[in-house]
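Coordinate analysis (summary)
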Amino acid sequence: MSSLVSRCQVIVLLVLFFFGVCLAGKDIPANFVFGDSLVEVGNNNYLATLAKANNFPNGIDFGSPTGRFTNGRTIVDIIYQALGSDELTPPYLAPTTRGPLILNGVNYASGGSGILNSTGKLYGGRINADAQLDYFATTRHAIIYWIGEFEAAKLFRSAIFSVTTGSNDLITNYLTPVQRRVTSPQVFVDTMISRFRIQLTRLYQLGARKIVVINIGPIGCIPFERESDPMAGYECSVEPNEVAQMYNLKLKTLVEELNNNLQGSRFVYGDVFRIVYDIIQNYSYYGFESEKIPCCSLVGKVGGLIPCGPPSKVCMDRSKYVFWDPYHPTEAANIIIARRLLFGDTSDIYPINIRQLANLKINA
């Protein structure tokens, strides 16, 4: 028995040495991703849920459907590759996301999820923000097991944490007819911000120091909202964008508050509303031919009624469309968004961009 234990200990030490050398020899930060379908990479494949993208034609330019709600890569995929990674961050629920692999980061994002635990109930299974943090807490313990507390703390200080959530709290929660009748937008937004403050603070307490917080995009301009608002015609629906901007204004203030109050932290506010709205308003400048109709569509005045799936019609040239489906951008649009988050000025991402954040040294 003692010889078996010794052999096991040697194997563990060799694995730790190998991964320690690999980590020491590269400057690529670990990548921990939280959020909704805009950044999901397949967690919902393992849930009983209506919010799934593991069927064709999703992933048509990725090689196969993976659970990404787009034709190719997500924004976080593109950013992590731009930072130098040869691999994409795996979904937490995948059986293979175990062992030393987690030292490079994990993706906890889940389609249909939101800040509030009541969001996304109509889909069935989803991993809302609180549960995503619970999963990260489990990952944290596993990383400490593999490399010890001191090295784990170093890993978390240098890692990039990104949080892309809030859209579903409006689209499938506040903007539903029942919720609008009982709650004012101000009260609902305040509820979101209060809960999100707790969640972001918990992420900091779990060791995160470099945290990118993405605001809510111009959801009134997605094909689904153009379709849902009979007053909008073919234009953007006004109310969803107004509520999103009400939330975004308070979110930016929250990011500044957390930077001031949480010692050693660097929270960054990504203004995806501004970036995506600019792409939509100036779509031809960016090489697109359609900013209203999604590439993958079936029925509706702009093809925004039914999620992308096997019965859908798919455009021939995905690079000419801003939207992949009724809710999500194409990879072509994601590339533009990612580039501006990586290298943009303070009007796109504040107070520093992701490239600057990745190079920032944070002391213990």
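Residues numbered from 1 in each chain as written. Predicted model: local features only at pLDDT ≥ 70, side-chain atom pairs only at ≥ 80, totals over all residues. Heavy atoms only, no water.

By the naming in an unreviewed UniProt entry, the protein is GDSL lipase/esterase, taken from Arabidopsis suecica.

1. Overview of the state of the cysteines
Disulfide: a covalent bond connecting the sulfur atoms of a pair of cysteines. Counted under the stated rule, the structure contains three disulfides. Each disulfide pairs two cysteine sulfurs, and for C295 the partner residue is C315, the sulfurs being separated by 2.1 Å. Of note, the bridge from C295 to C315 carries an S-S torsion of about -100° and is left-handed in sense. With C295 in the loop between helix 9 (272-281) and strand 5 (296-297) and C315 in the loop between strand 6 (313-314) and helix 10 (331-343), the pair connects residues that are 20 residues apart, well separated along the chain. A residue is classified by how much of its surface remains accessible, and C295, at 3% relative accessible area, is buried. (Disulfide = S-S within 2.5 Å. Helix = DSSP H or I, 4+ residues; strand = E, 2+ residues; numbered from the N terminus. Buried < 20%, exposed > 50% of the residue type's maximum accessible area, 1.4 Å probe, protein only.)

2. Describing the packing of helix 6 (residues 185-205) against helix 8 (residues 238-261)
Packing of helix 6 against helix 8 leaves a shortest axis separation of 10 Å and a crossing angle of 30°. Judged on the interaxial angle alone, helix 8 and helix 6 are roughly parallel. Between helix 6 and helix 8 lies a crossing whose hand is right-handed. Together, P185, Q186, V189, D190, M192, I193, F196, R197, L200 and T201 of helix 6 and V243, M246, Y247, K250, L251, L254, E257 and L258 of helix 8 make up the contact between the two elements. Class assignment for the residues of the contact of helix 6 with helix 8 results in twelve nonpolar, two polar and four charged. (Axes fitted to C-alpha atoms, helices over the stretch in contact; angles between N-to-C directions. Parallel < 35°, antiparallel > 145°, perpendicular 65-115°, else oblique. Left-handed = near helix turned anticlockwise from the far one by under 90°. Contact = heavy atoms within 4.5 Å. Nonpolar A, V, L, I, M, F, W, Y, C, P; charged D, E, K, R; others polar.)

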